[in-house]
Amino acid sequence: MTSTFDRPASSFLSWIRSDLRAALCFGYLVLLVLLSAAAPLITHYSPIEQTMDFLAPPGADHWLGTDDLGRDVFARVVYGTPMSLYASFLAVGVGLVIGLPFGMLAGYCGGWFDAVVSRMIDTLLSFPGIVLAVAVTGALGIGLTNAMIAVGIVFAPNIARLIRIQTIVVKNELYVEAAHSFGMPVWSIILRHIVPNAIQPIIVQVTLMLAGALLAEASLSFLGLGVQPPWPSWGQMLARGYTYMEIAPAQMYVPGLAILLTALAYNGLGESLRSRLDPTRLGRG
Amino acid sequence: MPVLRFLFWRAMQVIPVIFMATLAIFGLVQLVPGDPAATIAGEYATAENIEAIRQSLGLDRPAWEQYGTWLWNAVHGDLSNSLLTGLPVLDEVMRQLPSTLLIAVLALVIAILVGVPLGILAATRANSMLDRVVTGIASLGVAVPNFWLGMILVSIFAVGFGWFPTTGARPLTTDFWGALQHAVLPAATLATGGIAEITRQLRSSLIEVLQSQYVRTLRAKGLSPALILWKHGLRNASLTLLTVVGLVFNHTLGATVATEAVFAIPGAGSMIVNAAINKDFPIVQGAVFVLVMIVIAMNLIIDLLYTVLDPRVKKD
Amino acid sequence: MKENRACSTDMPIVTVENVTVRFPIGRTRTLTAVDSVTLSVRRGETFGLIGESGSGKSTLGRAVVCLQKPAEGNISHEGQDPYSMRPADLRRHRRQYQIIFQDPAAALDPRMTIIKSVREPLDAVGEGSVAERDALALEMMERAGLGPGFAKLYPHQLSGGQKQRACIARVLTLRPSLIVCDEAVAALDVSIQAEILNLLADLQHEFGLTYLFITHNIGVVEHISDTIAVMYLGQIIEIAPAEQLSQNYRHPYTEALLSAEPVALPSHLRPDRRIILEGELPSPMEPPSGCRFRTRCRYATTRCAAEMPALREIAPRHHAACHYAETFRDGQSPRAV
């Protein structure tokens, strides 16, 4: 039996082929990326151009109708895709950049540094998530990028906590002791041994956090703190659509479904990754 | 008594957390890019306006002094005044907090009342069709954007059937049933995430217990499955449940922010949002401060309950 | 070409002086794993260290290679004190003092190929190009009995014996002066044990290595060691050149260990009566007063409970820690000396 990291390309393909859920989720996400890149080719409507054709029902001309400012809903959904992808990845990226170093150093060094960082993690975790994100966004100034940075800050403690525990486990492994006996410097041990071995659960957590970031972006845009008009974001479209829900329900359902499906895809990928990366599968002999 | 001493010690550990939380809340203002006074003053302010604001907010004094003053005042119940309305922040927050707490607590209760039976159901029939359905719904519950669900519920139940009011809230003290009626839909919306979490966690920890060697031995001895479930299964799982409830409460309190927007409830959440948009920092800080204190208190209670219930934790 | 026979004129390669190693247990208690141990290992010899589990032998071995700092006492490597070196100097210095662990699977990073693991000590200092390091690693693997086909495999694809060979190859890349073999063959199949022991003996000849060989199996250590030290509950209770120990042991514990060694002879031809150690190993955290072995010793007297025997010289280079070391073998009641 070969390990997952043996020959990356071929084992990835075999994974996709064997796990239907993983294939579906991954395929869906690839579709989203293509949609983002090829948006102008898919719809000739501009997402921000206003017309006089308000709240038209779905039809041959406008596949999903128009919103209260006469903008084509389908176009807005399509153009909202890259926003959502950018948002999820930015938030998770910020979370990793802040959380990984702190967590790893805390786990590796132990002592007072670990105690202080652990207290900081506990503190940040006492802030209800969205509340903290809203507060930080308010301070930084509203807008998509700032909002996602705020969400990243909210994610960081969880990531730090996770990698800290993994680091502590790996730090005590025999092969790390062996590396010490060879006279390997600490930073090299961290890079060569600790990171590759501690990172596994983080990978799964990342996919779940992508879903969380997506939902957070939707919430924040819904509240007016994220993507600012006139640019579309699925969350923002929901906000507008809500006011007209009785007249034009399509506006409310489509962006909501988009968020739901994408979150499910991230989650599904995470679950599949989790069972795939399960250490008992590696079959250490 | 060692238990009391342990509880006391555990309670003391909260203090550095509270301290750091206040530091973080205070530090929010430091995050503002550029000059906070100018930002607060707005686009059309003159240099004198900005200077006046800077002085009145004490932004010209060194940071630690500002923090000290702020903390001192906070401890005495003075969370400064709103920049927009000029009214004391604490009063404002206290005025709007009950609505938030009502739906949060109600949501938690619903989540427990629905989540626990579902979790038990799924665990006792593990891997059956029913279990798969329940797990599937739980997965859905985590992925659904709360406010969207709220909107759908409103359109079906409030607008469609007219069972519940669409928006607003009633103060609990003056109009009990009215308050509840207004709170049901928002609470139901909020509860979905909690139901999903509780169902999943309870199911997995119950399955672990029910499939353990220990329980299988009891089964072989002929004990009835129901008794096993009740005595051993739930007792072991109740500790996990307690932890999950703490987490769910934390999430729920945060999620009220968006839910309040959907249902137009004037609660603490929408207060923070509006203040954030309008750069009314004292309100943001004050409201966040109050919410964080509530969460810390709740977590402490859960921690203490946990230690009391779990015999292993008391040692060492 | 290094000398490969024990040379008594050089400074010992490792000197352990009154070393004590303690571990905190919980918040209040301490475990003294190694209690005031003194010994020295000469260049080129194989120094056997035997004891049951809990005797502290592994801890001592790790202290010698700077993986466990002593609470008291000194360890010196050819006169230098590694524990007082600056970290950068220590990192360079300790490469000469290596260890092979009992569990080869745990000692290899499961996510690294064999060649990367074997090459790791060379990568640590980054000398030479990667190709040069690869070549050296492959050469050491060859010496340790692993062909180049093993290079790209992962640890879980190798057998126990093969993994241990990889660990040996890894250590060899450093051309160390001393290798501590901490129960290096205990976890392997019996047939493989012999192979690895032979490999270690060959390598000693070829590379002029010095071994500190830690084991609980007296049969193994008797045949390969030049000097043997016996440990019990953190203390050395006897230390002597190998032939002296097996013929002229002077401590009841050593007697029991030797008698327990399986001998392929019918019972009436076996030299000694089999001595079964009675009782259980006392807890290392609360060792018996006086002589620690007294609770299981057939010859114990009241003096043994009252007074801890010192490790004293019975014969040249032969020390034992027993009040009755000179006389207990006479088969009659021990007489005080």
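Residues numbered from 1 in each chain as written. Chains lettered and ligands numbered in written order. Predicted model: local features only at pLDDT ≥ 70, side-chain atom pairs only at ≥ 80, totals over all residues.

### Observations concerning the packing of helix α2 (residues 20-37) of chain A against helix α4 (residues 73-109) of chain A
Residues and elements named next belong to chain A.
- Two elements in contact, α2 and α4, have axes separated by 8 Å at closest approach and are oriented at 115°. Along this stretch, α2 crosses α4, giving a crossing that reads as left-handed. In this structure, α2 contributes L32, V33, L35 and S36 to the contact, and α4 contributes V78, T81, P82 and L85.
- Partitioned by chemical class, the residues of the contact of α2 with α4 number six nonpolar, two polar and no charged. (Axes fitted to C-alpha atoms, helices over the stretch in contact; angles between N-to-C directions. Helix = DSSP H or I, 4+ residues; strand = E, 2+ residues; numbered from the N terminus. Left-handed = near helix turned anticlockwise from the far one by under 90°. Contact = placed C-beta atoms within 7 Å. Nonpolar A, V, L, I, M, F, W, Y, C, P; charged D, E, K, R; others polar.)

### Let's talk about the confidence of the model for chain A
Residues and elements named next belong to chain A.
- On average, residues of chain A score 81 in pLDDT, and 91% of them reach the 70 mark or higher.
- At the low end of the mean pLDDT range in chain A sits helix α13 (residues 279-282), at 48; at the high end sits helix α8 (residues 174-181), at 94.
- Every residue in residues 1-8 is under pLDDT 50, and counting partners more than four places away or in other chains gives nine contacts.
- With pLDDT under 50 throughout, residues 280-285 is counted as low confidence; its partners more than four residues away or in other chains account for ten contacts. (pLDDT = per-residue confidence, 0-100.)

### Focus: the interface of chain B and chain A
- Contacts between the two partners involve 41 residues from chain B, matched on the other side by 39 residues from chain A.
- Of all elements in the fold, only α2 (14-31), α7 (129-143), α8 (146-160), α11 (225-262), α12 (268-277) and α13 (281-309) of chain B reach the threshold of two or more residues within the side of chain B that touches chain A.
- Here the residues of the side of chain B that touches chain A sort into 34 nonpolar, six polar and one charged.

### Topic: the pairing of strand β9 (residues 235-241) of chain C
- Across the seven residues of β9 of chain C, six count as buried, placing the element largely inside the fold.
- Connecting strand β8 (residues 227-232) of chain C to the next strand, β9 of chain C, in antiparallel fashion are two residues, including L233 of chain C with a positive phi near 45°. (Buried ≥ 20, exposed ≤ 12 C-beta atoms within 10 Å, placed from the backbone. Pairing = 2+ DSSP bridges.)

### Some words on the sheet that holds strand β5 (residues 97-100) of chain C
Residues and elements named next belong to chain C.
- In space, the eight strands of this open sheet follow the order β5-β6-β7-β3-β8-β9-β11-β10, with mixed pairing throughout. Strands with a single pairing partner mark the edges of an open sheet, and in this sheet they are β5 and β10 (312-315). Neighbour to neighbour, the strand axes of the sheet diverge by 25° on average, direction disregarded.
- Here β8 runs beside β9; their pairing, made up of six bridges, is antiparallel. Each residue of the ladder has a partner; that of Y232, found in β9, is Q235.
- On the sheet, helix α10 (residues 252-259) packs against β3 (46-50), β8 and β9 and is oriented at approximately 105° with respect to β8.

### Considering the nonpolar core
- Formed by 247 residues in total, the largest nonpolar core has its most connected members in A133 of chain A together with I272 of chain B.
- Looking at this core element by element, the count peaks at 16 residues for α4 of chain A.
- Here this core gathers at least three residues from each of two domains, domain 1 (2-232) and domain 2 (238-330) of chain C.
- In contact with I272 of chain B, other than residues within four places in its own chain, are V131, V134 and A135 of chain A together with V257, V284, A287 and V288 of chain B. (Core = buried A, V, L, I, M, F, W, Y, C linked by C-beta atoms within 7 Å. Domains from an automatic or database assignment.)

### Structural notes on unusual backbone geometry
All names here are of chain C.
- Positive phi is not limited to glycine here, since L233 has a value of about 45°.
- Here L233 lies in the loop between β8 and β9.
- For L233, a count of 22 C-beta atoms within 10 Å corresponds to the buried category.
- Phi at R317 is positive, roughly 60°, even though this residue is not glycine.

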